[in-house]
Amino acid sequence: QVQLVESGGGSVQAGGSLKLSCVASEYIFKSCRMGWYRQVPGKERELVASVSTGSSGGSEDYVDSVRGRFTISQDFAKNILYLQMNSLKTDDTAVYYCAPHPACFYYGSWGQGTQVTVSS
């Protein structure tokens, strides 16, 4: 059974910070590069950050719009993925999801997401 449970979203003012968490099924977390995605109504879901999971950490990748402001990290032992979001902008407003990277066999499984709202 696929488990992807996101939490940590909320409402903040521009310039503020939030840290998202995601608990994933062990077989997914330890098999896949994992990512954080976001989606706004009327637009496609966007992969904003990804990391190769591993006990020693892994290579990170970010979309240009969040690079330098967001940091993806993991607790490999607990199968938890994090997204630290700093210097938030109104354009960051979206529902955020954690999920396997598109290159992973298990890509296509989604949790309920967590809403992030940034106000000016």
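The present account deals with the structure reproduced in this document.

About the cut-offs
Residues numbered from 1 in each chain as written. Predicted model: local features only at pLDDT ≥ 70, side-chain atom pairs only at ≥ 80, totals over all residues. Heavy atoms only, no water. Helix = DSSP H or I, 4+ residues; strand = E, 2+ residues; numbered from the N terminus. Rg over C-alpha atoms; globule rule 2.2 N^0.38 Å. Contact = heavy atoms within 4.5 Å. Lys, Arg positive; Asp, Glu negative; His and termini not counted. Charge placed at Lys NZ, Arg CZ, Asp CG, Glu CD. Pairing = 2+ DSSP bridges. Axes fitted to C-alpha atoms, helices over the stretch in contact; angles between N-to-C directions. Buried < 20%, exposed > 50% of the residue type's maximum accessible area, 1.4 Å probe, protein only. Salt bridge = Lys/Arg side-chain N within 4 Å of Asp/Glu carboxyl O.

Details of the overall build of the protein
Next, step 1: The secondary structure content of the protein amounts to one helix and ten strands.
Next, step 2: Reading the helices (α) and strands (β) of the protein from amino to carboxyl end gives β-β-β-α-β-β-β-β-β-β-β.
Next, step 3: Taking 2.2 N^0.38 as the reference for a compact globule, 120 residues should give roughly 14 Å; the C-alpha atoms of the protein span a radius of gyration of 13 Å, in line with that estimate.
Next, step 4: In terms of principal-axis extent, the alpha carbons of the protein reach across some 40 × 30 × 20 Å.
Next, step 5: At a minimum sequence separation of 6, the contacts of the protein that also span at least 24 residues come to 54%.
Next, step 6: Side-chain charges of the protein comprise 10 positive and 10 negative groups, with the mean position of each set lying 3 Å from the other.

With respect to the sheet that holds strand β9 (residues 94–100)
Next, step 1: Ordered in space as β2-β10-β9-β4-β5-β6, the six strands form an open sheet in which the pairing is mixed. Only two strands of the sheet have a single partner each, and these edge strands are β2 (10–13) and β6 (60–62). Shown here is a sheet whose adjacent strand axes are inclined to one another by a mean of 20 degrees, direction ignored.

Thoughts on the environment of S56
Next, step 1: Tracing the chain through its elements places S56 in the loop between β5 (46–52) and β6.
Next, step 2: Assessed through its relative accessible area of 74%, S56 is described here as exposed.
Next, step 3: Residues S56 and K30, spaced 26 residues apart in sequence, show a C-alpha to C-alpha distance of 13 Å.

Details of the pairing of β9
Next, step 1: In terms of burial, β9 is a largely internal element, six of the seven residues being buried.
Next, step 2: Both strand β4 (residues 33–39) and β9 contribute to a ladder of six bridges, which runs antiparallel. The residue bridging R38 from the neighbouring strand is Y96, located in β9.
Next, step 3: Examined bridge by bridge, β9 and strand β10 (residues 114–119) share three bridges and lie antiparallel to one another. Paired with Y96 across the bridge in β10 is T114.

A look at the pattern of salt bridges
Next, step 1: Taken as a whole and assessed by the stated rule, the structure comprises six salt bridges.
Next, step 2: Note that E46 is salt-bridged to R38, the shortest N-O span being 3.1 Å.
Next, step 3: Here E46 falls in the partly exposed class, since its relative accessible area comes to 30%.
Next, step 4: For the salt bridge of D92 with R69, the shortest nitrogen-to-oxygen distance reads 2.8 Å.

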